[in-house]
Amino acid sequence: MNEPQFWEEYIAEEPVCKQLCENWQQIRDEILDLKKNYSNWFIKYPKFKVEDPETKQKVRLYENDWTITALSKLSEGYNVENNKAEKTGKSSLEKLVKRYRSKLLPTLDSIIKQLDQDEVLSNVFVSILSPGVVIKPHVGYSEEYMRIHLGLICDPECKITVGDETKTWKEGEILAFKDGGPYYHQVKHNGKTDRYILSLDIKLSYLNNYINI
């Protein structure tokens, strides 16, 4: 068979995926409290240049307003220390949030802590897309990970396309795809409200024990 474009149905029994879905409301509420009380930890995602698959020209990764905060190590060449939005006076935003993760985000921390320590997990971040955002077609940094999205606050008109298949996020459910290819992925937010998701990268070598295909 051809490789799936979306993978969530094949990894539904993986323990972390199950726990994320079972506890999504608590995770959402903790993240909203973090946003309310530590708004300066939420910063603009950098506008990397990516190659347009049709024109082969370099274009900005996205247009309009995309905000994130790191909740684990970021491995995409994104140096948060150089981002002027960090006003905490600490050496690194991701280290700061991770240091206080167990206190500020206890539900999420309890679910991902072991995989984080085992270096199975990377690039955990909250992703907030405002209406009008367009993320251009691209492939990510590594073929070693599955990218998993947990819907927290969703708008049905904010949609992601992987290959030629398009879906929208749903609250309390996951979407999963291989960020590093083989398929390009892109996002268009034609809705009216901010879309919040939790994004995590989990190593494929670990997930192979759970993939049902």
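Up top is the structure.
Everything numeric here is computed off the predicted structure, so don't read it as measured data. Residue numbering note: each chain is counted from 1, following its sequence as written. Note on the predicted model: pLDDT of at least 70 is required for a residue's local features to be given, and 80 or more for side-chain atom pairs to be given and counted; whole-chain, interface and lining totals, by contrast, use all residues. Heavy atoms from the whole structure form the basis of all side-chain values; hydrogens and water molecules are not counted.

J.: In this structure, what is going on with the overall build of the protein chain? I would like to understand it.
T.: Within the protein chain, the regular secondary structure consists of five helices and 13 strands. When the 213 residues of the protein chain are sorted by exposure, 51% land in the buried category. Reported accessibility uses the Shrake-Rupley method at a 1.4 Å probe radius. Residues are deemed covered only where the shown protein chains occlude them. Carbon together with sulfur atoms contributes 44% to the accessible area of the protein chain, which is approximately 10,700 Å² in total. Each helix is a run of DSSP H or I of at least 4 residues and each strand a run of E of at least 2, with the numbering of both proceeding from the N terminus. Each residue gets one of three labels from its accessible area relative to the maximum for its type: buried under 20%, exposed over 50%, partly exposed in between, using a 1.4 Å probe on protein chains only.

J.: Where do I start with the sheet that holds strand E4 (residues 62-63) in this structure?
T.: By way of backbone hydrogen bonds, the strands of a sheet pair with one another, either parallel or antiparallel. A pair of strands is treated as paired once DSSP finds two or more bridges between them. The strand order E4-E7-E12-E9-E10 describes an open sheet built from five strands, whose pairing is antiparallel. Each edge of the open sheet carries a strand with a single partner, namely E4 and strand E10 (165-168). Pairing analysis gives three bridges linking strand E7 (residues 134-138) to strand E12 (residues 185-189), with the strands arranged antiparallel. Its bridge partner lying in E12, valine 134 is registered against lysine 188.

J.: Please clarify how the pattern of salt bridges should be interpreted in this entry.
T.: A pair can form between side chains of opposite charge whenever their charged atoms are brought close. By salt bridge we mean one thing: a side-chain nitrogen of Lys or Arg within 4 Å of a carboxyl oxygen of Asp or Glu. Under the defined criterion, the tally for this structure stands at eleven salt bridges. One salt bridge in this structure joins aspartate 29 and arginine 28, with 3.0 Å as the shortest N-O distance. Residue classification places aspartate 29 among the partly exposed residues on the basis of a relative accessible area of 36%. As a salt-bridge pair, arginine 60 and glutamate 63 come within 2.8 Å of each other at their nearest N and O atoms. By relative accessible area, which is 37% here, arginine 60 ends up partly exposed. Judged by its relative accessible area of 25%, glutamate 63 is partly exposed. Connected via shared salt-bridge partners are Arg60, Glu63 and Lys136.

J.: So what exactly am I meant to see when it comes to the packing of helix H1 (residues 15-22) against helix H4 (residues 106-117) here?
T.: What describes two packed helices is the angle between their axes and the distance between those same axes. For the pair H1 and H4, the least separation of the axes is 10 Å and the interaxial angle reads 170°. Overall, the two elements H1 and H4 adopt an arrangement that is roughly antiparallel. For the pair H1 and H4, the contacting residues are Val16, Gln19 and Leu20 in the first and Leu108, Ile111 and Leu115 in the second. For this scheme, ten residues count as nonpolar: Ala, Val, Leu, Ile, Met, Phe, Trp, Tyr, Cys and Pro. Four count as charged, namely Asp, Glu, Lys and Arg, and the remainder, Gly too, count as polar. Across the contact of H1 with H4, the residue classes break down as five nonpolar, one polar and no charged. Helix axes use the C-alpha atoms of the stretch in contact, all axes being lines fitted to C-alpha atoms, and the angles between their N-to-C directions lie in the range 0 to 180 degrees. An angle below 35 degrees is treated as roughly parallel, one above 145 as roughly antiparallel, one from 65 to 115 as roughly perpendicular, and anything else as oblique. Contacts are residue-level and defined by heavy atoms, with any inter-residue pair within 4.5 Å sufficient.

J.: Where do I start with the environment of glutamine 19 in this structure?
T.: By the secondary structure assignment, glutamine 19 is in helix H1. Sequence spacing of glutamine 19 and threonine 107 is 88 residues, and the spatial spacing of their C-alpha atoms is 9.7 Å.

J.: Honestly, the nonpolar core in this entry has me stumped. Any pointers?
T.: Grouped burial of nonpolar side chains is what soluble globular proteins tend to show. One finds Leu20, Ile27, Leu71, Leu198 and Ile202 to be the most contacted residues of the largest nonpolar core, which totals 39 residues. If you look at the next biggest cluster of nonpolar residues, it comprises 20 residues, including Leu61, Val133, Cys158 and Val187. In these notes, a set of buried Ala, Val, Leu, Ile, Met, Phe, Trp, Tyr and Cys residues joined through side-chain atoms within 4.5 Å is what counts as a nonpolar core.

J.: Looking at this structure, I do not really get the packing of helix H2 (residues 24-37) against H4. What am I missing?
T.: Contact geometry for H2 and H4: axes closest at 8 Å, N-to-C directions at 120°. Between H2 and H4, the interaxial angle falls into the category oblique. Contacts from Gln26, Ile27 and Glu30 of H2 reach H4 at Pro106, Thr107, Leu108 and Ile111.

J.: What's the story with the packing of aromatic side chains in this structure? I'm lost.
T.: By convention here, two paired aromatic rings are described through the distance between centres and the angle between planes. Note on aromatic contacts: the rings of Phe and Tyr and the six-membered ring of Trp form a pair at centre separations within 6.5 Å, being stacked when their planes are under 30 degrees apart, edge-to-face when over 60 apart, and tilted otherwise. This structure, assessed with the given rule, holds eight aromatic pairs. Judged by centre distance (5.4 Å) and plane angle (50°), the rings of tyrosine 206 and tyrosine 210 are tilted. On the accessibility criterion, tyrosine 206 (17% relative accessible area) is buried. Put simply, the rings of Tyr45, Phe48, Tyr62, Trp66 and Phe125 pair up and form one aromatic cluster. A cation over a ring is seen here: lysine 47 above tyrosine 62, with NZ or CZ 5.1 Å from the ring centre. Whether a charge sits over a ring comes down to the Lys NZ or Arg CZ being within 6 Å of the ring centre and within 35 degrees of the ring normal.

Distances and angles like these do not, on their own, reveal function.
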